[in-house]
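# Observations on the model geometry
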Amino acid sequence: MNTEFPHLFSPIRLGPITLKNRIVFPAHLTNFAENHLPSDRHTYYYGERARGGAGLIITEEQSVHPTDVAYEKLIDAFDSRVIPGYLRMTTEVHKFGGKILAQLNHNGQQGSSAFTRRALWGPSSVPDPLFREIPKAMDKADMQEVIRGFCLVAEHTIKGRFDGCEVQSSHSSLLRQFMSPLTNKRTDEYGGSFTNRMRFPIEIMTALRRVLGKHHALGIRLSGDELVDGGLTLDDMKKVAANLDELHLIDFINTSTANFHNLFMVEGSMHVPLGYNTYAAAGLKEVVGVPVFAAGRINAPAQAERILTNGQADLVCIARGQICDAEFANKTLEGRHQEIRQCIACNQGCAARTGLNRDLGCLQNPTSGREGIFKTHSLQKAENVKKVMVVGGGPAGLEVAKEAARRGHRVTLYERAEKLGGQINLLARVPNREEFSDVIRNQTQEIEQLPVSILLGVEVTPGLVEGERPDVIVVATGSEAAPSYLAGADQSHVLTFYEVLAGREVPGDNVLIIDDIGFHQGTSIAEYLAYLNKKVSILSAGLYVAPDLMTTMDIQLWYRRALDQGIEMITNSIVRTIGSDSVTIFNHYNGQERVLNDITAVVLVGHPKPREELYYQIKGMAPEVYRIGDCLAPRKMEHAIYEGFKVGRSI
Ligand SMILES: Cc1cc2nc3c(=O)[nH]c(=O)nc-3n(C[C@H](O)[C@H](O)[C@H](O)COP(=O)(O)O)c2cc1C
Ligand code: SF4
């Protein structure tokens, strides 16, 4: 028994199966499928989390019917060719004492006919707010076909030696669409009253119960609160949960909240509070006897233990926390929880990649989703131990130093500032972005366990390199503000966003931000200045401000905060000239110029340039010289860390 986290590490029964602990790796899309079948990447990925100690793994959704193609790489679980992949996955998870459930789903109207050129199926002719496509209102024959699909897939999971199934009835699912008055407008016995709206979900669960029998667990994932006017509330969901429990159709209830009106609440970013959905689990737990799972920004053992101790839930889902650190559970169990690489809910490597139809990864953990390629547990020590000089103590430099040292090289890291972290120290200063500094905390605590010599306040010069005679130099000196292309940018009231973050005073009260990047830099500065009670406008050449926030689930909340704080957004416009107290802008759609008057300060959020001078000075001074991260080409942080990792693994 782990005395520090006794609840987290106590076994629990889910119907016929017993889990060794309360830590769940819940369902999430990975895009690892190949030809719509599970791939070896799934096996490595889930196996790694089971090896890391998770008590229960729930796979990504397994589609039950050909009408359900919500995205390209969905697994067609109605095809019996999934079974060999299932067997590989389940064998790997069972090897480490974990249990594994398959999540079964039909996404209903939350999809696009672009994939199949067949009409979507839904309870009624109501479009989803994200896909905006009218589905065919299902007739009774369609419903029977879907039930048969669920049963067929359940049979495949039995043959694939799963321990049971979880039915997705939460944010993206046909079942919730039938339950919700928002999407179910039927006038037959499947619509209208609560009993009628529950009829189809209950038929599915009843049929599944029959197929899965006594030896396989069956649970359901419910959206505990749709969080939208006219949708299902927590009180409604209590009735749903109690109904399913009374009918003995479920062995557990997993939770989330929201739907596609507010997808940002499904994978809440760092702008959403820790444990933001726990209230939904706690509410449902009040009315059922079966175990209830909490999910949503549970990313530290103490927080997880508290949820269990307080009786808010019986199990905790930790999705991104275990994407980021597959050993979350074992580190906690072994009293090494300080070593957990804590997820910062940036969404940049996970949700943003899958949303762009790429494979899932993690900003902080380059091996996530690539466990098979990077052979996480059979690290090849370097044959020739080399003297490695890493220049720059930002995320790229720290990552390369760590990996090179793990492989046995003699590594010295030079940072010209008195502190590690590079630009993270600046960007974590703005409101709601503080969690970014955990990246440096995480990397530093990993590096401190390795024989890396860290020299702070040391500027690397060609002379220093000549004296040290390293075998390998890795230049990770980052990026800096590039000279502005704008007329009038050389005036004293025009600042770069780096200068603002570094604490330079922003003159006056009326600030215009010119955002060329379209990610968090511009919006963060806008919020920071608004908090300082300045009147802030942000200008973008795009159709809307900060389009890249869409990928990280931050756009809606940014808009809400911006409107609350009176931040003005000027779109479709470029700057002609910056005057002493005015800025002339040009709308490239209507072709008209406009003068913004009484501007006291202008903040430029322009694309940076690589800090590459040193690289060119010392290139050729060692047998191997690399440059990585922003010093190579300024991009997002996940690229810097990934490149650091890859170079560290290759030298
Ligand atoms: C990239 C990504 C994809 C997800 N896809 C699904 C999904 O297909 N089905 C599901 O039930 N939940 C899905 N989720 C939600 C997670 O199961 C979990 O509830 C959510 O990430 C919040 O937990 P966390 O803060 O521990 O990450 C997804 C989450 C992420 C990050
Ligand atoms: S990419 Fe960011 S949010 Fe996603 S798992 Fe990694 S640290 Fe967490």
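Look up: the structure comes first, before these words.
In what follows, the accompanying structure is described. Since this is a predicted model, take the numbers as computed values, not measurements.

### Regarding the overall build of the protein
Helices and strands together make up the secondary structure of the protein, namely 21 helices and 28 strands. Taken over C-alpha atoms, the radius of gyration comes to 27 Å for the protein, in line with the 26 Å a tight globule of 651 residues would show. Oriented by its inertia axes, the alpha-carbon framework of the protein measures out at about 75 × 65 × 45 Å. For the protein, the proportion of its 651 residues judged to be buried stands at 61%. Taking the contacts inside the protein whose residues are at least 6 apart along the sequence as the reference set, 72% of them involve residues at least 24 apart. Of the roughly 25000 Å² that the protein leaves accessible, carbon and sulfur atoms contribute 51%. When the 69 positive and 75 negative side-chain charges of the protein are each reduced to one mean point, those points stand 5 Å apart.

### A word on the environment of Asp548
Note on placement: Asp548 falls in the loop between strand E21 (535-540) and helix H19 (555-564). Filtering out sequence-adjacent residues up to four positions away, Asp548 remains in contact with Gly518, Phe519 and Lys636.

### Observations regarding the site of ligand 1
Neighbouring residues of ligand 1: 19 residues in total, closest Ala27, Arg221, Arg297, Ala319 and Arg320. Leu29 places a polar main-chain atom, nitrogen or oxygen, 3.1 Å from a nitrogen atom of ligand 1. Taking Gln103, its side chain carries an N or O atom lying 3.0 Å from an oxygen atom of ligand 1. Look at ligand 1: alone it shows 600 Å² of surface, and the protein chains cover 96% of it. Here the shell around ligand 1 is built from residues that sort into nine nonpolar, six polar and four charged.

### Quick word on the packing of aromatic side chains
In total, this model carries 12 aromatic pairs according to the counting rule given. When the centroid spacing of 4.9 Å and the interplanar angle of 85° are considered together, the rings of Tyr86 and Phe162 count as edge-to-face. Note that Tyr86 is positioned in helix H2 (residues 83-95) and Phe162 in the loop between helix H3 (140-159) and strand E9 (164-169), a separation of 76 residues in sequence. An identical accessibility class is assigned to Tyr86 and Phe162; each is buried.

### With respect to the nonpolar core
Looking at soluble globular proteins, one finds that nonpolar side chains tend to be buried together. In terms of nonpolar packing, the biggest core is built from 94 residues, with Leu104, Phe150, Phe200, Ile220, Leu222, Leu244 and Ile253 touching the most fellow members. At eight residues, helix H5 (residues 194-212) tops the list of elements feeding residues into this core. Excluding residues that lie within four positions of it along the chain, Leu104 makes contacts with Gln62, Val64, Phe150, Val153, Ala154, Thr157, Cys165, Glu166, Val167, Gln168 and Leu208. Core analysis: the next-biggest nonpolar cluster, separate from the first, contains 32 residues, Val390, Ala401, Ala405 and Ile628 among them.

### Observations concerning the pattern of salt bridges
Enumeration according to the criterion identifies 37 salt bridges in this entry. The partner of Asp79 in a salt bridge is Arg81, and the shortest N-O contact between them spans 2.8 Å. Of the residues examined, Arg81 reaches a relative accessible area of 54% and is grouped as exposed. Within this structure, Arg41, Arg353, Asp359 and Arg370 form a network of salt bridges that share partners.

### What about the packing of helix H13 (residues 395-406) against helix H15 (residues 437-447)?
Relative to each other, H13 and H15 sit at 25°, their axes nearing to 10 Å. In terms of their interaxial angle, H13 and H15 are classed as roughly parallel. In this structure, H13 meets H15 at a crossing whose hand is left-handed. From H13, Pro395, Leu398, Glu399, Ala401 and Lys402 reach across to H15, where they touch Ile440, Gln443, Glu446 and Ile447. Residue composition of the contact of H13 with H15, by class: five nonpolar, one polar and three charged.

### A few points about the site of ligand 2
Around ligand 2, the neighbouring residues are Arg320, Ile323, Cys343, Ile344, Ala345, Cys346, Asn347, Gly349, Cys350, Cys362, Leu363 and Gln364. At a threshold of 2 Å from the grid points, most atoms of ligand 2 map onto the largest cavity. Looking at side-chain class alone, the shell around ligand 2 contains eight nonpolar, three polar and one charged residues.

### Some words on helix H6 (residues 234-246)
The first and last C-alpha atoms of H6 sit 18 Å apart over 13 residues, in line with the 18 Å expected at 1.5 Å per residue. Of the positions making up H6, those classed as buried are Leu234, Met237, Lys238, Val240, Ala241, Ala242, Asn243, Leu244 and Asp245. In this structure, the buried residues of H6 make contact with helix H4 (174-179), H5, strand E10 (217-223), strand E11 (252-256) and helix H7 (278-285). A positive backbone phi angle near 55° is found at His248, which sits one or two residues after H6.

### Quick look at the side chain of Lys402
Turning to its location among the elements, Lys402 is positioned in helix H13. Judged by relative accessible area, which is 3%, Lys402 ranks as buried. Apart from residues lying up to four places away in sequence, Lys402 is in contact with Glu446, Ile447 and Leu450.

### Here we look at the state of the cysteines
Linking two cysteines covalently through their sulfur atoms gives a disulfide. Enumeration over the complete set of coordinates arrives at zero disulfides. Here Cys317 stays unpaired: no disulfide links it, and the sulfur of Cys343, its closest cysteine neighbor, is 14 Å away. On the basis of relative accessibility, which here comes to 3%, the residue Cys317 falls in the buried class.

### Details of unusual backbone geometry
A positive phi is found at Asn31, a non-glycine position, where the angle reads about 65°. Within the secondary structure layout, Asn31 lies in the loop between strand E3 (23-25) and helix H1 (40-51). Backbone geometry at Asn432 places phi at a positive 65°, although glycine is not the residue there.

What counts, and where the lines are drawn
- Residues numbered from 1 in each chain as written.
- Chains lettered and ligands numbered in written order.
- Predicted model: local features only at pLDDT ≥ 70, side-chain atom pairs only at ≥ 80, totals over all residues.
- Heavy atoms only, no water.
- Helix = DSSP H or I, 4+ residues; strand = E, 2+ residues; numbered from the N terminus.
- Rg over C-alpha atoms; globule rule 2.2 N^0.38 Å.
- Buried < 20%, exposed > 50% of the residue type's maximum accessible area, 1.4 Å probe, protein only.
- Contact = heavy atoms within 4.5 Å.
- Areas by Shrake-Rupley, 256 points an atom, 1.4 Å probe, with all protein chains shown as cover.
- Lys, Arg positive; Asp, Glu negative; His and termini not counted.
- Charge placed at Lys NZ, Arg CZ, Asp CG, Glu CD.
- Near = heavy atom within 4 Å.
- Polar contact = N/O pair within 3.5 Å; in protein donor to acceptor, adjacent residues only side chain to side chain.
- Nonpolar A, V, L, I, M, F, W, Y, C, P; charged D, E, K, R; others polar.
- Phe/Tyr/Trp six-rings, centres within 6.5 Å; stacked < 30°, edge-to-face > 60°.
- Core = buried A, V, L, I, M, F, W, Y, C linked by side-chain atoms within 4.5 Å.
- Salt bridge = Lys/Arg side-chain N within 4 Å of Asp/Glu carboxyl O.
- Axes fitted to C-alpha atoms, helices over the stretch in contact; angles between N-to-C directions.
- Parallel < 35°, antiparallel > 145°, perpendicular 65-115°, else oblique.
- Left-handed = near helix turned anticlockwise from the far one by under 90°.
- 1 Å grid on protein atoms, 1.4 Å probe; cavity = no way out; pocket = protein on both sides within 12 Å on 5 of 7 lines; lining within 4 Å.
- Sits in = over half its atoms within 2 Å of the grid points.
- Expected span 1.5 Å × (residues − 1).
- Disulfide = S-S within 2.5 Å.

Function-wise, these values are silent; they only describe arrangement.
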